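Each chain is listed here by its residues.
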Amino acid sequence: RFVNRPDPIAMPTLPQCRTFRYTRGCRADCIWPICVRYYACQLFPMREEEHMPISADLNGAVTKLCQDLIRTPSVNGRDPERAVAEVAANFARAHGLWVDLPALDPHRPNLLVRAGPPGNAALLLVAHLDTVAEGEISTWRHAPFGAHIEHGRIYGRGACDNKGGLAAALGALVAAKHLELPFPILLAGVPDEEAGATGTLGIKYLHEMGLLSGRGAIYVYPGNRELVIGHRGVLRLVLRTRGKAFH
């Protein structure tokens, strides 16, 4: 179900976008962030025959990328994000995308990937590179960093939060690269989100350096059944409880 109402930047409602399709996230065979099509087709109008080209080879490459990202631990406070940023950057470079790794802390860089011409981005995709800890290994059905595929689903720490979304966004940029985009689409993969989303190493740093722009933005979390078009901010609470940890 989707709510028929204008979004905060006055884009048309979902049913008016003929290129929009919805599929559930974090499946190995349909990992694309389909909401990208909705925003992209409003910012960059396309004819019906100009849909993003998504080949079986590219779909397989994005699935492997998701596995590679999961197999590169980036637990906040334990594994610096440099290694996982390099995995994503190498994929982007191999597919002809512009890449930069600006960093306040060289061990914990941001990932910037662009499709389209140089200049200020019209559409901004945002992901984060770090994960929470894996917890007690014995409680996992599959190894938390094994990226095992079973019945079309990828299992592992970060598969949804947020490495599946990061892989999907990179795949969408590769597909969009084949279009004649009048304005660029920029992906920002930020570090240190799971520590409380303060943005000190990520969004705030990128903004202070003048590296962020966009008429619209998507936080690329997969797996949601609804497209959320905005939020009012954040409320931080301190809770104490007992029980088994989960995320």
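In the block above lies the structure referred to throughout.
About the thresholds
In this convention, every chain numbers its residues from 1, walking through the sequence in written order. Owing to the predicted nature of the model, reporting of local features is limited to residues with pLDDT of at least 70; listing and counting of side-chain atom pairs is limited to 80 or more, with chain, interface and lining totals taken over all residues. Where side-chain values are given, they derive from all heavy atoms of the structure, hydrogens and water being excluded. Salt bridges are counted wherever a side-chain nitrogen of Lys or Arg sits within 4 Å of a carboxyl oxygen of Asp or Glu. Put simply, DSSP H or I for four residues or longer makes a helix, DSSP E for two residues or longer makes a strand, and each gets a number counted from the N terminus. Note on classification: 1.4 Å probe, protein chains only; a residue is buried when its accessible area is under 20% of the maximum for its type, exposed when over 50%, partly exposed between these limits. Paired rings are identified among Phe, Tyr and Trp, the last through its six-membered ring, by centres lying within 6.5 Å, and are further divided according to the angle between planes into stacked (under 30 degrees), edge-to-face (over 60) and tilted (the rest). The criterion is that NZ of a Lys, or CZ of an Arg, lies within 6 Å of the ring centre and within 35 degrees of the ring normal, and then a charge sits over that ring.

We now examine the pattern of salt bridges. Here the structure, examined in full by the defined rule, presents seven salt bridges. Across the pair Arg108 and Asp192 runs a salt bridge, and its minimum N-O distance is 3.2 Å. With Arg108 in the loop between strand 1 (98-100) and strand 2 (111-115) and Asp192 in the loop between strand 6 (185-190) and helix 5 (203-208), this residue pair connects regions lying 84 residues apart in the sequence. With respect to burial, Arg108 and Asp192 carry one shared label: buried. A salt bridge links Arg141 to Glu150, with the nearest nitrogen and oxygen atoms 2.5 Å apart. With a relative accessible area of 17%, Glu150 lands in the buried category. The structure contains a network of salt bridges with shared partners spanning Arg78, Asp79 and Glu134.

What follows is about the packing of aromatic side chains. According to the stated counting rule, one finds one aromatic pair in the structure shown. With a centroid separation of 5.0 Å and 70° between ring planes, the pair formed by Tyr219 and Tyr221 is classed as edge-to-face. In this structure Tyr219 comes out as partly exposed when scored by relative accessible area, which is 40%. Between the NZ or CZ atom of Arg114 and the centre of the ring of Trp98, over which it lies, the distance is 4.4 Å.

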